[in-house]
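As a plain string of letters, each chain reads:
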Amino acid sequence: MYFRKKTSGGRAYLQIVESRRDGAQVRQQVIATLGRYDDLRESGQLERLLRSGARFSTKAMVVDAVHDGSAAVSEVRRLGPALVFERLWETTGCRAAIEELAGERKHEFALERAVFLTVLHRLFAGGSDRAADRWREDYRIDGVEGLDLHHLYRAMAWLGEELPADQQDGRTLAPRCLKDVMEERLFAKRRDLFSKLDLVFMDTTSLYFEGAGGQTLGRHGFSKDHRPDLHQMILAVLLDGNGRPVCTEMWPGNTADTGSLVPVVDRLRKRFSIGRVCIVADRGMISAETIAELEARGLFYILGVRERSDKLVRDLVLDDPAPFVPLTISKRRKSVDYEAKAVTLAGRRYIVCRNHGEAKKDAADRAAILAALERQLKKGDKALVGNTGYRRFLASSSEDRFTIDHAKAAEDAKFDGVFVLRTNTDLAPLDAMLCYKQLTMVEQTFRTAKSLFATRPIFHKVDETIRGHVSCSFLALVLKKELEERIADLGRNGSWPDVLADLDSLTESKVEQDDKCFLLRSPPRPAASLALSATGVALPPTVRQVDQA
């Protein structure tokens, strides 16, 4: 039964109606007509009627008592984060992997729960383990009631613990640890006959420490965070062709990017039992020594080239007269025109690519710079020397004054929209370009990874807890990618900040009414409903009675 407003003769009446099935049809039967809707509302009779009926409905009674302030709300817990990510924790195999590894020992606390708590905190807040211990007080997370801060520290140390010497086969720049075994088991769970690692995307970042940074990891090196005064470590994140996290590697902070690629590939092949692998990496990873070692091992690669600083590419490859092959890609409901061609020179195979949209933008930017230069030169040229954007188009005249170097501007035009790849594959130029473009497509995942992994401040003092702390960020990235894929499978686009904010707003309040205890759940916001639907999680009832204890 339900209320219905029925309009007749220009007046609205409030009715109680019941739906009944008559054969294959559903018919509505009016049980009672309560009167004119506006009269009932203005006289307050409708409000009194609903309150009177609410006495016979526990759900309505509790909600009404909370609204009018007659019920005591003793505590409010956020339940959205654990509802969704607890399900993903199980379906991705994270829970099973942790429990299997932990089951080999006798821990006196719920180690798997400690790891899950840290991962959940990393997704929604980030920061130290001490911050996670305080953060959980406002959240409903099953099984974490008996955990203390020292349990979180022990869980981190367990994840980053180095394996015995007889299990160090494949050790390269870093020792094999329990977190490596966990990553391998997670990959094995989603692996089937068709799973392969033909393409592997790799990116590195640096994380600095407030303290010494462990026994071996914390070292002074080139700081991407502009903190050369602090010890740091180098973190590499590897993704497969679909943007799914595969594993992480951690090295001392003085390790150069160009010297890390080959050891990572060697270890990757042993860890995941793969034969054919093609490494796709940006220009920061390339060096002559790296390419020589990749070729010596018979490994395929598609690497970005510094087309402006590489003399062979700048003077010969870009001037090759071979025709380009065009390609149009639909991106964000817009058409983007590309073209590519292969150039073989001195036994090396290059792929020259051009993005026509970027070419137009580069040309417009240069024209704007030249126009600004013309205006500035009329006012005086001394201030132009410190501007790198201007300086590359300037030349000195005989009178110790600066003029616009139009030859440099013309030379710069041949780089408009151009990016060059070096590869030892036999892929067609457009195919090689698309593989490399995937690196751009997964950059969003890398950016997210960097925000998740940059969980400073890191106060841990030993290598084991540092590795475990960072490994929890890897697990957070696994859960995030899984949720994004499930949302995409629904044909929907979910804003990640909106998903986190809406899940965080889903609360459950403890209400005491008539010597009874109830839990009152708040209504879900749109992004939270999307995440719940994508993971197949049912919300608890709006109101449910629980034990007073």
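Residues numbered from 1 in each chain as written. Predicted model: local features only at pLDDT ≥ 70, side-chain atom pairs only at ≥ 80, totals over all residues. Heavy atoms only, no water.

Of regular secondary structure, the protein possesses 20 helices and 18 strands. Per-residue burial over the protein gives 46% buried out of 549 residues. Contacts in the protein between residues at least 24 apart in sequence constitute 63% of all its contacts with a sequence separation of at least 6. Entry remark: accessible area of the protein is about 27800 Å², with carbon and sulfur atoms responsible for 49%. (Helix = DSSP H or I, 4+ residues; strand = E, 2+ residues; numbered from the N terminus. Buried < 20%, exposed > 50% of the residue type's maximum accessible area, 1.4 Å probe, protein only. Contact = heavy atoms within 4.5 Å. Areas by Shrake-Rupley, 256 points an atom, 1.4 Å probe, with all protein chains shown as cover.)

A word on the nonpolar core. Among the nonpolar cores identified, the biggest contains 59 residues, and Phe85, Trp89, Val115, Ile141, Met182, Leu475 and Leu483 are the most heavily contacted of them. Among the elements that make up this core, the one with the highest residue count is helix H6 (residues 111-124) (nine residues). With sequence-adjacent residues up to four places away left out, Phe85 is seen in contact with Phe116, Leu120, Leu123, Phe124, Leu479, Leu483, Trp496 and Leu503. Residues Val237, Ala340, Leu439 and Val470 belong to the second largest nonpolar core, which totals 29 residues. (Core = buried A, V, L, I, M, F, W, Y, C linked by side-chain atoms within 4.5 Å.)

The end-to-end C-alpha distance of helix H4 (residues 80-91), which contains 12 residues, comes to 17 Å, matching closely the 16 Å that a straight helix rising 1.5 Å per residue would cover. Summarising burial for H4: nine of the 12 residues are buried, a large majority. In the stretch just after H4, Gly93 is the one whose phi turns positive, near 90°. (Expected span 1.5 Å × (residues − 1).)

Before going further, it helps to spend a moment on the confidence of the model for the protein. Of the residues in the protein, 85% reach a pLDDT of 70 or more, and the chain-wide mean stands at 82. Taken element by element, the protein is modelled with least confidence in helix H3 (residues 58-68), mean pLDDT 58, and with most confidence in H4, mean pLDDT 95. (pLDDT = per-residue confidence, 0-100.)

Let us look at unusual backbone geometry. Phi is positive for Ala346, which is not a glycine, with a value near 55°. Examined against the element boundaries, Ala346 turns out to sit in the loop between strand S11 (334-345) and strand S12 (348-355).

Let us look at helix H20 (residues 526-535). Most of H20 is tucked away, with seven of its 10 residues classed as buried. Every buried residue belonging to H20 is among Ala527, Ala528, Leu530, Ala531, Leu532, Ala534 and Thr535, and all of these are buried. Contact partners of the buried residues in H20: H4, helix H18 (463-489) and helix H19 (496-504). Gly536 sits one or two positions beyond H20 and adopts a positive phi of about 70°.

Bringing the pattern of salt bridges into the picture now. Summed over all chains, the structure comprises 37 salt bridges. In this structure, the salt-bridge partner of Arg20 is Glu18, at a minimum N-O distance of 3.2 Å. On the accessibility criterion, Arg20 (46% relative accessible area) is partly exposed. Put simply, Lys361 and Asp365 hold a salt bridge, and the shortest N to O gap is 3.0 Å. Taken as a pair, Lys361 and Asp365 lie in helix H13 (residues 356-379) at a separation of four residues, close to a single helical turn. (Salt bridge = Lys/Arg side-chain N within 4 Å of Asp/Glu carboxyl O.)

On to the pairing of strand S8 (residues 278-281). Of the two faces of S8, the one lined by Cys278 and Val280 and the one lined by Ile279 and Ala281 are each fully buried. Two elements, strand S5 (residues 199-208) and S8, share three bridges in a ladder whose sense is parallel. By the bridge assignment, Leu199 is partnered in S8 with Cys278. As defined by bridge partners, S8 adjoins strand S9 (residues 300-305) across four bridges and the pair is classed as parallel. (Pairing = 2+ DSSP bridges.)

What follows covers the sheet that holds strand S1 (residues 2-8). Strand pairing in a sheet is mediated by backbone hydrogen bonds. Such pairs are either parallel or antiparallel. Spatially, S1-S2-S3 is the arrangement adopted by the three strands of the open sheet, whose pairing is antiparallel. The open sheet has two edge strands, S1 and strand S3 (25-36), and neither has a second partner. Strand-to-strand twist of the sheet, defined as the mean angle between neighbouring strand axes without regard to direction, takes the value 40°. Relative to S3, strand S2 (residues 11-22) runs antiparallel, the two being bridged by 10 bridges. The residue bridging Arg20 from the neighbouring strand is Arg27, located in S3. (Axes fitted to C-alpha atoms, helices over the stretch in contact; angles between N-to-C directions.)

This brings us to the packing of H6 against H18. Viewed as axis vectors pointing N to C, H6 and H18 meet at an angle of 70°, and their least axial separation amounts to 8 Å. Considered as vectors, H6 and H18 are oriented roughly perpendicular to each other. In this structure, the crossing between H6 and H18 has a hand that is right-handed. Of H18, the residues touching H6 (which contributes Val115, Thr118, Val119, Arg122 and Leu123) are His469, Cys472, Ser473, Leu475, Ala476, Leu479 and Lys480. Classifying every residue of the contact of H6 with H18 gives seven nonpolar, three polar and two charged. (Parallel < 35°, antiparallel > 145°, perpendicular 65-115°, else oblique. Left-handed = near helix turned anticlockwise from the far one by under 90°. Nonpolar A, V, L, I, M, F, W, Y, C, P; charged D, E, K, R; others polar.)

Once that is clear, we can look at the pairing of strand S7 (residues 245-252). Among the eight residues of S7, seven are classified as buried, and the element is accordingly described as predominantly covered. In this sheet, S7 lies alongside strand S6 (residues 232-240) in antiparallel orientation, the contact comprising seven bridges. Across the sheet, the residue bridging to Met233 is Pro252, located in S7. Hairpin connection between S6 and S7: a loop of four residues separates the two successive antiparallel strands, and Gly243 in this loop has a positive phi of roughly 80°.

So, about the packing of aromatic side chains. Under the counting rule described, the total for this entry stands at five aromatic pairs. With centroids separated by 5.7 Å and ring planes inclined at 85°, the aromatic side chains of Phe85 and Phe124 adopt a geometry described as edge-to-face. With Phe85 in helix H4 and Phe124 in helix H6, this residue pair connects regions lying 39 residues apart in the sequence. Take Phe85: its relative accessible area is 0%, and that puts it in the buried class. (Phe/Tyr/Trp six-rings, centres within 6.5 Å; stacked < 30°, edge-to-face > 60°.)

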